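# An overview of the molecular structure
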Amino acid sequence: MDDAINDKLHPPNTSWPNDIYYEFMEIVMEYQLSDSCGDRIIKLINKSKNSKESSLPTSTKEGRKFLDVSEFPYMKFKKVPITSFHNVDYYFYYQPIIHGIKVLLLQSEINEEFIFKYQKSNNSSYGEQFESNWWYIAEKNIPIDNYLLSIIIYADSTTCDHLGKTSEHPIYISFGNIPNWVRNKPDAKVLVGYLPKLKAKDNFMRNSELFRRLQRQMFQRCLQILLSPILNKNDMYFVIRNEVYPFTPKISVILADMTEANTFTMTYLPSTSRRPCYCCLVNNNDLNNMELSNITLRTPENMKKIINKNQANKFSIHKEFNFFWKFEDFNIYEATVPDRMHLLDLGITKYLLEFTREYLQRKVDSKAVTEMDHQLCKIPRYQGLTILKNGLENVSKFTANDYCNIMKVIVFVIDNLYYKHKEGGIPCKRLCNIFYKYLKMYMKLRQESFTNVDLTELEVNIDN
């Protein structure tokens, strides 16, 4: 409470020499301009001004030094030793999650659009967290004077081009208290840490049980350091619209790709699992069974029982304790979901295109694969549409945007692609129909909100 009152009375700020200095450095950092490029801009602006005194730094390098020594609010990262492996020390770089929350709340748009309470939707539309059943139930289970603070976690390994192609593992947070259109903006999420990545000297070590167990323990240790300050806490005070409010923070969603989802839930990777789903216990032989009705979902309670009975291997779960089990009324297996980019573009779409190429090679002929690439290259140029000049030749290296562009034209590419097929194949018209049905589901799933009619239509398309 004292910290929140202090934030209200003394809003954190950084004293810049002037507004022009601030805007120039903001451009330099946002677009990752080099020092030489920044210096050319300074020289050009100073040359065009009549005043002898410049509002800009004398050089871009001087501006960067100013950033390094300035005390920016809540943006100082800490360094904590996590483990040592083969004489290499590994550290977790993070800022306290409370600071990350305050950084988000400093954004004027987030402050203005912040939602405090559950809002019942009148048109049975599903799209905002604060209109969901989860929010309604969670709000009923917090102290009566508190407001719910919905925290969204996102983590994904990425390659940082500006750090010399270094592979890093950042973790971000955002709020469910803001509308989707605000949350989709770059400023609506904040970096709270870099998870350390354990390195092995060879494949034998990388595949060893010792190495993988240490990876899992290191991941859980970092989560404990980061999330302990909000573990089952009430009466946490933050400043919204210049007023102090009490909150109960709850983790609502963890966005991840499939590999990350298995890491968060401490379940086996799908490629090595009898039960490859991180949120249910369906056997891998039944994954394609659309008529399966009795599905047992994973919960912290039944996973603990399975481990205590020494049946962890049978149910594809690691024996280590999952830190998320400490959160009250929280099901890590239900809360972890793939984001749409990984689920659709880099997941189903990628698989469907690779499967189609392999199908054409085996059940039609190699000429059909070549013609498919040729047809894709022949698509006329159009504003907002990127055409891949090499077709699907390097499909395994495509980005999500590449797959999105292919989906716009794929039906035209495979239409009348072949007229004869080998035994076990299907007519070209049926292949087009498969993509047509998938595209209908694809477009539905990319919507920002869903009505009951949309969900019914989606269910029909899946069953068909």
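Read on for a plain summary of the structure. Predicted, not measured: the structure shown is a model, and the values here were computed from it.

### Remarks on the pattern of salt bridges
Going through the model one piece at a time under the given rule, you end up with 9 salt bridges. Across the pair Arg-216 and Glu-320 runs a salt bridge whose closest N-O atoms are separated by 3.2 Å. Linking Arg-216 in helix 10 (residues 209-227) with Glu-320 in the loop between helix 12 (300-308) and helix 13 (332-335), this pair joins segments that are 104 residues apart in sequence. One exposure class covers both Arg-216 and Glu-320, and it is buried. Among the salt bridges present, the one from Glu-354 reaches Lys-350, with a minimum N-O distance of 3.0 Å. Residue Glu-354 and its partner Lys-350 are located together in helix 14 (residues 340-364), separated by 4 residues, close to a single helical turn. Here the salt bridges do not stand alone but share partners, grouping Glu-209, Arg-213, Arg-216 and Glu-320 into one network.

### Description of a negative patch on the surface
On the surface, a cluster of negative charge is contributed by Asp-19, Glu-23, Glu-26, Glu-30 and Asp-187. Position of Glu-26 relative to the elements: it lies in helix 2 (residues 19-30). Among the residues examined, Glu-26 registers a relative accessible area of 40% and is labelled partly exposed.

### What to know about helix 14
The principal kink in helix 14, of about 30 degrees, is found at Lys-350. Residues of helix 14 that are buried include every one of His-342, Leu-344, Asp-345, Thr-349, Leu-352, Leu-353, Thr-356, Arg-357, Tyr-359, Leu-360 and Val-364, and no others. Contacts from the buried residues of helix 14 go to strand 4 (147-155), helix 15 (366-377), helix 16 (400-414) and helix 17 (428-445).

How each quantity is defined
Residues numbered from 1 in each chain as written. Predicted model: local features only at pLDDT ≥ 70, side-chain atom pairs only at ≥ 80, totals over all residues. Heavy atoms only, no water. Salt bridge = Lys/Arg side-chain N within 4 Å of Asp/Glu carboxyl O. Helix = DSSP H or I, 4+ residues; strand = E, 2+ residues; numbered from the N terminus. Buried < 20%, exposed > 50% of the residue type's maximum accessible area, 1.4 Å probe, protein only. Patch = residues over 30% accessible without salt bridge, like charges linked within 9 Å, V, L, I, M, F, W, Y side chains within 5 Å. Areas by Shrake-Rupley, 256 points an atom, 1.4 Å probe, with all protein chains shown as cover. Lys, Arg positive; Asp, Glu negative; His and termini not counted. Charge placed at Lys NZ, Arg CZ, Asp CG, Glu CD. Bend = angle between axes of the 7 residues up to and from the residue. Contact = heavy atoms within 4.5 Å.

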